[in-house]
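Understanding the architecture of this molecule
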Amino acid sequence: MKRYLSALVNAAWYDNAPWLAPLWPLGRLTGWVASRRLRRFRQRPPVAPVPVLVVGNVTVGGTGKTPLVAALCQAAADLELSVVVISRGYGARPPAFPWRVTADQSAALCGDEPLLLARLTGVPVIIDPRRRRALEAALALNPDLVISDDGLQHYALPRTAELAVLDGARGLGNGRCLPAGPMREPAARLGQVDYVVINGEPDQAEGWPGAISMQLAPGALVNAATGRQLSLESFTRHFVAAHAVAGIGHPERFFNTLTQAGLQVSPHPFPDHHQYRAGDLDFPGDLPVVMTEKDLVKCGDLLSERLWVLPVRAILPPGFAGEVLRTAIERHATPG
C-alpha cells in the first residue's frame, strides 16, 4: 500500500492531476513560509570556520545528488583537500547522534545514502538530523572543506556555497509547493544558488539558463556474490532479459538505462530508501536481478549469485567539480 500511494502522489505531482486543486492554498502557504525562512537566513547568515558546500534540491525525491557528491569528493582528493561529508541519514538508527559512518556498517544503522558515500569515497561521513550538530562533529576532524549531502532548506546550517540538482526529465513537476506539488521551496530559489546542475540529457539543460548538464554513466555490472564483472553490452548479450529493482527517488531512470542498453526489463520499483526483506527479491524464474548501488547496500544477508549491481558515475563538464570547490574555498577566505 505504501508503495502504491507513493507512486500515486508522485505521478499526480508531475502530471498536475486535477484532484490536487484543493491542496493549492496549502502549497502557497508552504512557499510563503519557505521564502520567509530564507529571507531571515539571508539577514543573519551563520558562519562556519571552514568552507561548507551544500548540495541539495528544491523538489522532493531523488535527483542524483549522491553520485554528484561522490564526484566532488574525488575532485577534492585530486586537489589534495581533506573533506568530511555530512548528511541527515534518512532512516538511520544509530545508538546516538551525531554518528560517524564507516564502510562496514549496515544501512539499517546509518542510512543507505551515507553508507554508499562512505564506501564510494572513503571520506569521513557524519550523520545527524540536526545538520548544525553534524557540522560541529565534522569540524573536530579538521577538514579543509565540508560537503552537506542535502540540507539546502536547513537554515541553521552555515554555508559558503550552494548547488542545487534538478532532474532533467521531471523538472519541477507542476511547479507547486508541498503538498500540492513536489516543490520544497518556490522555483525562484534556483536563481539564488551558486550552481544549478541538471541531471539528464544535455539538451534538457538548455531550458535552464546558466545550468550545468550532468549525466549518470553506467559502469560494468558486478555480481553481488562473486564479484564477477560484465560490461553492460556483454551483460545484455549474455542474459537478454532481467528483473530490475530500484528503491530510489526516480526508478524509471534506472529502468530506462537498462532498456536503452537492449535489456528486456521486468521493472520492480520500490519506495525510496526501502529496506529489503526476505521475499522482496524472490521473483519467479531464474532471470538475473539487477539493482542500483543504493539498493545493494540494503540487501545484507539477501545477497546471491542471482543479484547484479549496476554502478553509475556522474559525468560533469571538465573542471566543473574543481571550480565548485574553489568557489567555496575562495569565498570563505574573502567573506562579503
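A brief look at the structure comes next. (Residues numbered from 1 in each chain as written. Predicted model: local features only at pLDDT ≥ 70, side-chain atom pairs only at ≥ 80, totals over all residues. Heavy atoms only, no water.)

Right, let's get into the environment of Leu145. Mapped onto the secondary structure, Leu145 falls in strand β5 (residues 145–149). Residue Leu145 is classed as buried on the basis of its relative accessible area, which comes to 0%. For the pair Leu145 and Ile329, spaced 184 residues apart in the sequence, the C-alpha separation amounts to 7.6 Å. Leaving out residues up to four positions away in the same chain, Leu145 has contacts with Pro51, Ser82, Val83, Val84, Leu325 and Ala328. (Helix = DSSP H or I, 4+ residues; strand = E, 2+ residues; numbered from the N terminus. Buried < 20%, exposed > 50% of the residue type's maximum accessible area, 1.4 Å probe, protein only. Contact = heavy atoms within 4.5 Å.)

At their nearest, the axes of helix α3 (residues 65–78) and helix α10 (residues 320–333) sit 9 Å apart, and the two run at 75° to each other. Put simply, α3 runs roughly perpendicular to α10. Only Ala321, Gly322, Val324 and Leu325 of α10 make contact with α3, whose side of the interface consists of Ala71, Leu72, Ala75 and Ala76. When grouped by side-chain class, the residues that make up the contact of α3 with α10 number seven nonpolar, one polar and no charged. (Axes fitted to C-alpha atoms, helices over the stretch in contact; angles between N-to-C directions. Parallel < 35°, antiparallel > 145°, perpendicular 65-115°, else oblique. Nonpolar A, V, L, I, M, F, W, Y, C, P; charged D, E, K, R; others polar.)

Quick look at a nonpolar patch on the surface now. Nonpolar side chains collect at one region of the surface, where Leu26, Leu29, Trp32 and Val33 lie side by side and expose about 390 Å² of accessible area between them. In this fold, Trp32 is placed in helix α2 (residues 24–43). On the basis of relative accessibility, which here comes to 51%, the residue Trp32 falls in the exposed class. (Patch = residues over 30% accessible without salt bridge, like charges linked within 9 Å, V, L, I, M, F, W, Y side chains within 5 Å. Areas by Shrake-Rupley, 256 points an atom, 1.4 Å probe, with all protein chains shown as cover. Salt bridge = Lys/Arg side-chain N within 4 Å of Asp/Glu carboxyl O.)

Most of strand β7 (residues 195–199) sits inside the fold, with five of its five residues counted as buried. Both faces of β7 are covered, namely the face carrying Tyr195, Val197 and Asn199 and the face carrying Val196 and Ile198. Across five bridges, strand β6 (residues 161–167) lies against β7 in parallel orientation. Bridging from a neighbouring strand, Leu166 pairs with Ile198 of β7. (Pairing = 2+ DSSP bridges.)

Now for the sheet that holds β7. Pairing is mixed across the open sheet formed by nine strands, whose spatial order is β3-β4-β2-β5-β1-β6-β7-β8-β15. In this open sheet, the two strands that pair with only one neighbour each are β3 (99–101) and β15 (312–315). Neighbour to neighbour, the strand axes of the sheet diverge by 25° on average, direction disregarded. With four bridges connecting them, strand β8 (residues 212–218) and β15 associate as antiparallel partners. Residue pairing across strands places Pro218 opposite Val312, the latter belonging to β15.

All quantities given are derived from atomic positions and should not be read as evidence of function.
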